[in-house]
Amino acid sequence: MKDSITMTKPKKLLQSLAGETLETPPIWMMRQAGRYLPEYRATRAQAGDFLSLCYNPELAAEVTLQPIRRYGFDAAILFADILLIPEALGADLWFVTGEGPRLSTITTDADFAKIKSADDVHDHLAPIYETVKILARELPEETALIGFAGAPWTVATYMIAGRGTPDQGPAHQLIAENRPLFEALIDRLTDATIAYLSMQIEAGAEVVKLFDSWAGSLKGDDFQKYALAPAIKIITALKAKHPTTPIIAFPREAGDGYIGFAKATGADCVALDNSVSAEWAARNVQIDGCVQGNLASSHMVTGGQALVDETRAIVDAFKGGPHVFNLGHGITPDADPENVQLMIDTVREKRS
Ligand SMILES: Cc1c2[nH]c(c1CCC(=O)O)Cc1[nH]c(c(CCC(=O)O)c1C)Cc1[nH]c(c(CCC(=O)O)c1C)Cc1[nH]c(c(C)c1CCC(=O)O)C2
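Bear in mind that the values here come from a model prediction, so they are computed numbers and not experimental data.

1. Quick notes on the overall build of the protein chain
- A count of helices and strands for the protein chain gives 16 helices and nine strands.
- The C-alpha atoms of the protein chain give a radius of gyration of 19 Å, which matches the 20 Å a tight globule of 352 residues would have.
- Dimensions of the protein chain along its principal axes, counting C-alpha atoms only, are 65 × 45 × 40 Å.
- Counting the 352 residues in the protein chain, one finds 56% classified as buried.
- In the protein chain, of all internal contacts separated by at least 6 residues, the share reaching a separation of at least 24 is 74%.

2. With respect to the pairing of strand S3 (residues 100-103)
- Here four bridges tie strand S2 (residues 93-96) to S3, and the two strands are oriented antiparallel to one another. Each bridged residue has a counterpart across the sheet, and for Leu-93 the counterpart in S3 is Leu-103.

3. Points about helix H2 (residues 38-47)
- Buried residues of H2: Tyr-40, Thr-43 and Ala-47, and no others. When H2 is viewed along its axis, its buried side chains cluster within an angular range of 70° and face the same direction. Across H2 from its buried face, at more than 90 degrees, point the exposed residues Ala-45 and Gln-46.
- The inward-facing, buried residues of H2 contact helix H3 (50-54) and helix H4 (57-71).
- Gly-48 sits one or two residues past H2 and shows a positive phi near 110°.

4. Re the site of the ligand
- In the region of the ligand, 22 residues are neighbours, and Arg-35, Tyr-40, Arg-44, Asp-81 and Ser-213 sit closest.
- Arg-35 places a side-chain nitrogen or oxygen 2.4 Å from an oxygen atom of the ligand.
- Look at the ligand: alone it shows 860 Å² of surface, and the protein chains cover 87% of it.

5. Here's the deal with unusual backbone geometry
- For the bond running from Gly-293 to Asn-294, omega is -10°, close enough to zero to count as cis.
- The phi dihedral of Arg-31 falls on the positive side, at around 60°, and the residue is not glycine.
- Relative to the helices and strands, Arg-31 resides in the loop between helix H1 (12-17) and H2.
- A relative accessible area of 54% places Arg-31 in the exposed class.

6. So, the packing of helix H8 (residues 152-161) against helix H9 (residues 169-177)
- One can describe the packing of H8 onto H9 by two numbers: an axis separation of 8 Å at closest approach and a directional angle of 90°. Between H8 and H9, the angle is such that the two are roughly perpendicular. In this structure, H8 contributes Trp-153, Thr-157, Ile-160 and Ala-161 to the contact, and H9 contributes Pro-170, Ala-171, His-172, Leu-174 and Ile-175.
- Classifying every residue of the contact of H8 with H9 gives seven nonpolar, two polar and no charged.

7. Examining the UniProt feature "site: Transition state stabilizer" (unreviewed entry) in the protein chain
- Using the residue numbers shown here, the UniProt feature "site: Transition state stabilizer" (unreviewed entry) corresponds to Asp-81.
- Position of Asp-81 among the secondary structure elements: in the loop between strand S1 (75-77) and helix H5 (84-88).
- If we ignore the near neighbours within four places in the chain, the residues touching Asp-81 are Phe-50, Cys-54, Phe-95 and Phe-148.
- Within polar-contact distance, the side chain of Asp-81 engages the backbone nitrogen of Leu-83 at 3.0 Å.

8. Some points on the pattern of salt bridges
- In the structure shown here, the tally under the stated rule is 12 salt bridges.
- Of the charged contacts, one joins Glu-349 and Arg-312 as a salt bridge, the two residues approaching to 2.6 Å between their closest N and O atoms. Residue Glu-349 is located in the segment after helix H16 (337-348), and its partner Arg-312 is located in helix H15 (residues 304-317); the two are separated by 37 residues in the primary sequence.
- Residue Glu-349 is classed as partly exposed on the basis of its relative accessible area, which comes to 25%.
- Here Arg-312 falls in the partly exposed class, since its relative accessible area comes to 29%.

9. Notes on the sheet that holds strand S4 (residues 144-150)
- With respect to topology, seven strands assemble into an open sheet ordered S1-S4-S5-S6-S7-S8-S9, the strand pairing being parallel. The open sheet has two edge strands with one neighbour each: S1 and strand S9 (323-327). Between one strand axis and the next, the sheet turns by 25° as a mean value, whatever way the strands run.
- For S4 and strand S5 (residues 207-212), the ladder comprises five bridges, and the chain directions are parallel. Bridge pairing in S5 links Ala-149 to Leu-210.
- Across the face of the sheet, helix H10 (residues 179-203) comes into contact with S4 and S5 while running at roughly 165° to S4.

The rules we used
Every residue gets a number counted from 1 within its own chain, in the order that chain's sequence is written. The predicted nature of this model means local features are confined to residues of pLDDT at least 70 and side-chain atom pairs, given and counted, to a pLDDT of 80 or more, with totals for whole chains, interfaces and linings taken over all residues. Excluding hydrogens and water, the side-chain values take into account all heavy atoms of the structure. Secondary structure elements follow DSSP: runs of H or I of four or more residues count as helices, runs of E of two or more count as strands, with numbering from the N terminus. Using C-alpha atoms as the atom set, the radius of gyration is obtained and then compared with a globule rule of 2.2 Å times the number of residues to the power 0.38. Classification of residues uses two cut-offs on accessible area relative to the type maximum, computed with a 1.4 Å probe and protein chains only: under 20% is buried, over 50% is exposed, and between them is partly exposed. The contact definition used throughout considers only heavy atoms, calling two residues in contact when any of these lie within 4.5 Å. By the convention used here, strands pair only if DSSP detects at least 2 bridges between them. The directions considered for the arc run from the helix axis to the C-beta atoms. Nearness here has a simple test: a residue counts as near a molecule or strand if at least one of its heavy atoms is within 4 Å of that partner. Distance and chemistry together define a polar contact, namely a pair of N or O atoms within 3.5 Å, with one atom able to donate a hydrogen and the other to accept it when in protein, and with adjacent residues in sequence counting only for side-chain atoms on both sides. Note on areas: Shrake-Rupley with a 1.4 Å probe; residue coverage comes only from the protein chains shown. For every element, the axis is a line fit to its C-alpha atoms; helices are fit only across the contacting stretch, and the angle between N-to-C directions ranges from 0 to 180 degrees. Oblique is the label for every angle not falling under 35 degrees (roughly parallel), over 145 degrees (roughly antiparallel), or within 65 to 115 degrees (roughly perpendicular). Side-chain classes are defined by residue name, with Ala, Val, Leu, Ile, Met, Phe, Trp, Tyr, Cys and Pro counting as nonpolar, Asp, Glu, Lys and Arg as charged, and the others, Gly among them, as polar. UniProt positions are given in the numbering used here, feature names are shortened, and annotations may be inferred rather than shown by experiment. Criterion for a salt bridge: a side-chain nitrogen of Lys or Arg within 4 Å of a carboxyl oxygen of Asp or Glu.

As structure tokens, then:
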């Protein structure tokens, strides 16, 4: 036995991402720092607005730490947004209360000519790297720190439409009308994402996650070219520079596209949304390694026995291999903080 004073606590998230099957899975939650928490709303009010909070390292670190203090999650995710990269490339970005993000659009060759090169993003993103440094210092030793970026396709859909869209119509239209321009934008975002995530890792992120929230609207060849291929490029480049940093890929709503995604891209873990069943994913995706997911976030609103039953069913379905418990998508502002505690207690209960 090691002396208990020098013995360090293991980070369960890193164990699962390395392929270990644990007695109970590590747990964290997408959007765990968010509006469902009163302490988040207070700090956001102090910052003024959402973007000011993202660019204020002390306050961004504070909201990242809030759900760790309240719940003791196994991982903290950097508080920032996937749309900071377009802003760093020179797009205008603002948030309309109750509606969501707005950006200046890229739909012509002339618009694209104005955006910056991938190496020029770092001055703008320096506060984010500072947030990561603060967190690397302040997190408890058993809590892993996750950095992140949006995947090129998802970020491009916002840059092309200038806002969120239900079907990513404007981006699909640009593919049809000016494929070279669309592909130039994807390439620029791919390079910027590699540069951004590398800097997050150098600042202290122990894991990085690539959010492709709209991967599900890419079909057939377009999925291969604009979801899979950029993920391969990003993960290959990051692994060359930072071979020991695990990477989580989230090609949301990819359906059958989840099968083989980790092998094809080199990702250490595939995050699953709740449109696929845990049993299906255990058979078809977890056979290749670690999976993350996938409780419907609506349970954080409704709670009760259904939450407990569904949480146990997911833990059981994935108990034969490496698993990170999470929601299938971000927690919503109308969630009840007590339901989050109930989910955590259920995941951590020891059952035979
Ligand atoms: C598409 C997308 C965005 N941002 C993100 C995605 C991909 C994941 C997903 O599908 O949810 C990712 C994101 N956004 C945020 C994080 C931080 C880490 C985390 O807590 O998971 C992460 C990883 C904070 C945030 N990003 C945003 C909030 C809410 C901001 C607030 O008003 O306080 C948070 C906590 C705002 C945001 N940011 C974005 C939208 C569409 C919105 C508005 C929607 C809303 O109002 O909830 C773009």
